[in-house]
Amino acid sequence: MNKLIFVSGGVCSSLGKGVAASALGALLESRGFNVRMVKCDPYINVDAGTMSPYQHGEVYVTDDGAETDLDLGNYARFTSGPLSQANSITTGQVYNEVIRKEREGGYLGRCVQVIPHITDEIKARIMAVAKEDADTDITIVEIGGTVGDIESIPFLEAARQLIHEYGKSSAISVHLTLIPEVGDGELKTKPTQHSVKAMQEQGIQPDVLICRAPVILDEATRRKIALFTNMESTAVFTSYNVHTTIYEIPLMFHEQKLDQVVLKKLGVEARHAKIEPWKAVMERATSRKEKVRIGIVGKYMELHDAYKSVYESLFHAGLECAVDVELVKIDSSRLDEAESADHILGKDAPDGGIDGVLVPGGFGQRGIKGMVRAAAWARSNKIPYFGICLGMQIMVIDWARNVLGWEDADSTEFNQNTKKPVVSLLEEQVGVKNYGGTMRLGKYVSAAKPGTKFFAAYGQENVCERHRHRYEFSNQYREEIAGSGLIISGVYPKEDLVECVEWPDHPWGLAVQFHPEFKSKPTAASPLFRDFIAIARNAKG
Ligand code: GLN
């Protein structure tokens, strides 16, 4: 079929364009179409790997080791098509490639310009995804940023050209805007009118409008918007604020018939929609009664997006275990100096304490002491503990310092001169100067040891998960550490690297060097998150 949908945004950022594009993808999949998702990011970074989580949120990692924008995580949670480096296009990548070709003399003496050379490269990359698999029916291309931004112009121009080349019945524009509320709940359509004008200035007439608004827009408002924007009122939809979960959005759009209108505009007959899995997610979300409080002890606590996939995975696990997982975000540097960890984590805490500790990924030295303290607290109080990447390195450091008594034990990331570098760089990482794309990235297999909690979670020996780290458990100390009781339950066989450790005599203290959060879905929680939440719930009684 090979149809294209371009999703753009206007008025302001953070309207939920990624989730809207993903929800549309989910609905089209529910009607039996093969959907692919592409994200165009107008920034000049080659990828998201070098960006601070504070500025840009989480870096999402694909099987092939691409470090991408967090929207790919939304695509992965809502849709099922494959995602790889090809699905994430940035200005940096596009210019890199065009400049490389120019240096090779690939443009045969011509002057290299934004149009057509940059736009051609963007189009080629979009088409590479759309045409990669002959079975692909519809490719949804989300264009990052806001219409009117200087950076996004080449991407919108590439979209305009493709819509023109494909013809209106094979490629359409879906535009997301904001309807703000002023005074006494009065909804204002003017910013949306201007946003559509800005699209028209780029040569694109939106076919479908999704308006972010506090409540569903009435017929009169939709008609008014339609009148000012050259559209039909039936093509104006509302994305209103949801309270329980973003997984309600596919159902919200379906009720308004967004999927039917989109398919009609693409000239495709709508097949029966199987939206039961999304209904089941909502039923589970609304029927949870019990609550577990999970303390996330990390560094990037101020910005929700910095640990986006971790928070989503906890929610998925809660759905599967029929509990409401309350996220208790604890900046680990608060624990650095606290008189007692109990005052922050335990029953003495003003908020009543937590039922489980999760130490997520992170980089750099700040707040490490507090994380080690949280691990030691969970270990000695037999509170469920789940360490992810840095969280596994922390578990190893706590064991070395507090069980083996190696006071100075550390990772060389935090202390170059430690006498016991229990976490250190692999030989191949030692001389690395170029930070972009040089970590241990993407899919690796771990061999789970039968009889361990790790094996029990997955129910099989071969576990494929994704990595993003430079440092590793030092094999130099493996014998001594394992000899003292720490269970090594998962290993990457090819290079004999430790991938999973567990506490003995503990309800559930487990940590992994990889990031299971990247593969968790609302319809199928990550096995490790699921077991962690199940144990935290049961331990609570
Ligand atoms: N900073 C650690 C490393 O590079 C952990 C990385 C992470 O948690 N993603 O190995």
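First things first, this report covers the structure right here in the doc. Fair warning: this is a prediction, and the values are worked out from it, not measured in the lab.

Let us look at the overall build of the chain. Check the secondary structure of the chain and you find 19 helices and 23 strands. A globule of 541 residues ought to have a C-alpha radius of gyration of about 24 Å, and the chain, at 25 Å, matches this closely. For the C-alpha atoms alone, the extent of the chain along its principal axes is close to 70 × 60 × 45 Å. Expressed as a percentage of its 541 residues, the buried residues of the chain come to 58%. Of the contacts made within the chain by residues no fewer than 6 positions apart, 73% connect residues no fewer than 24 positions apart. When the accessible area of the chain is evaluated, it comes to approximately 22,100 Å², of which 50% is carbon and sulfur surface. Counting 61 positive and 71 negative side-chain charges, the chain places the averaged centre of each group 3 Å from the other.

Around the ligand, the structure places Gly 361, Gly 362, Phe 363, Cys 389, Leu 390, Gln 393, Glu 413, Arg 468, His 469, Arg 470, Tyr 471 and His 515. A distance of 2.9 Å is found between a nitrogen atom of the ligand and a backbone nitrogen or oxygen belonging to Gly 362. Contact distances for the ligand include 3.0 Å between an oxygen atom and a backbone N or O atom of Leu 390. Isolated, the ligand exposes 300 Å² of accessible area, and the fraction of that covered by the protein chains is 98%.

The interhelical angle for the contact between helix H11 (residues 276–287) and helix H12 (residues 308–321), taken along N-to-C directions, is 80°, at an axis separation of 9 Å. Taken as axis vectors, H11 and H12 run roughly perpendicular relative to one another. Residues Val 281, Arg 284 and Ala 285 of H11 form the contact with H12, whose own contacting residues are Phe 315, Leu 319 and Glu 320. When grouped by side-chain class, the residues that make up the contact of H11 with H12 number four nonpolar, no polar and two charged.

So, on to the side chain of His 467. With respect to the helices and strands, the residue His 467 is situated in strand E19 (residues 462–469). Taking relative accessible area as the criterion, His 467 reaches 0% and is therefore assigned buried. Within the structure, the side chain of His 467 is placed 3.4 Å from the side chain of Arg 440, a separation counted as a polar contact. A distance of 3.0 Å separates a polar atom in the side chain of His 467 from a polar atom in the side chain of His 469. Those residues in contact with His 467 that lie beyond four places of it in its chain are Val 61, Arg 440, Leu 441, Gly 442, Tyr 444, Glu 499, Gln 513, Phe 514 and His 515.

Criteria and thresholds
Residues numbered from 1 in each chain as written. Predicted model: local features only at pLDDT ≥ 70, side-chain atom pairs only at ≥ 80, totals over all residues. Heavy atoms only, no water. Helix = DSSP H or I, 4+ residues; strand = E, 2+ residues; numbered from the N terminus. Rg over C-alpha atoms; globule rule 2.2 N^0.38 Å. Buried < 20%, exposed > 50% of the residue type's maximum accessible area, 1.4 Å probe, protein only. Contact = heavy atoms within 4.5 Å. Areas by Shrake-Rupley, 256 points an atom, 1.4 Å probe, with all protein chains shown as cover. Lys, Arg positive; Asp, Glu negative; His and termini not counted. Charge placed at Lys NZ, Arg CZ, Asp CG, Glu CD. Near = heavy atom within 4 Å. Polar contact = N/O pair within 3.5 Å; in protein donor to acceptor, adjacent residues only side chain to side chain. Axes fitted to C-alpha atoms, helices over the stretch in contact; angles between N-to-C directions. Parallel < 35°, antiparallel > 145°, perpendicular 65-115°, else oblique. Nonpolar A, V, L, I, M, F, W, Y, C, P; charged D, E, K, R; others polar.

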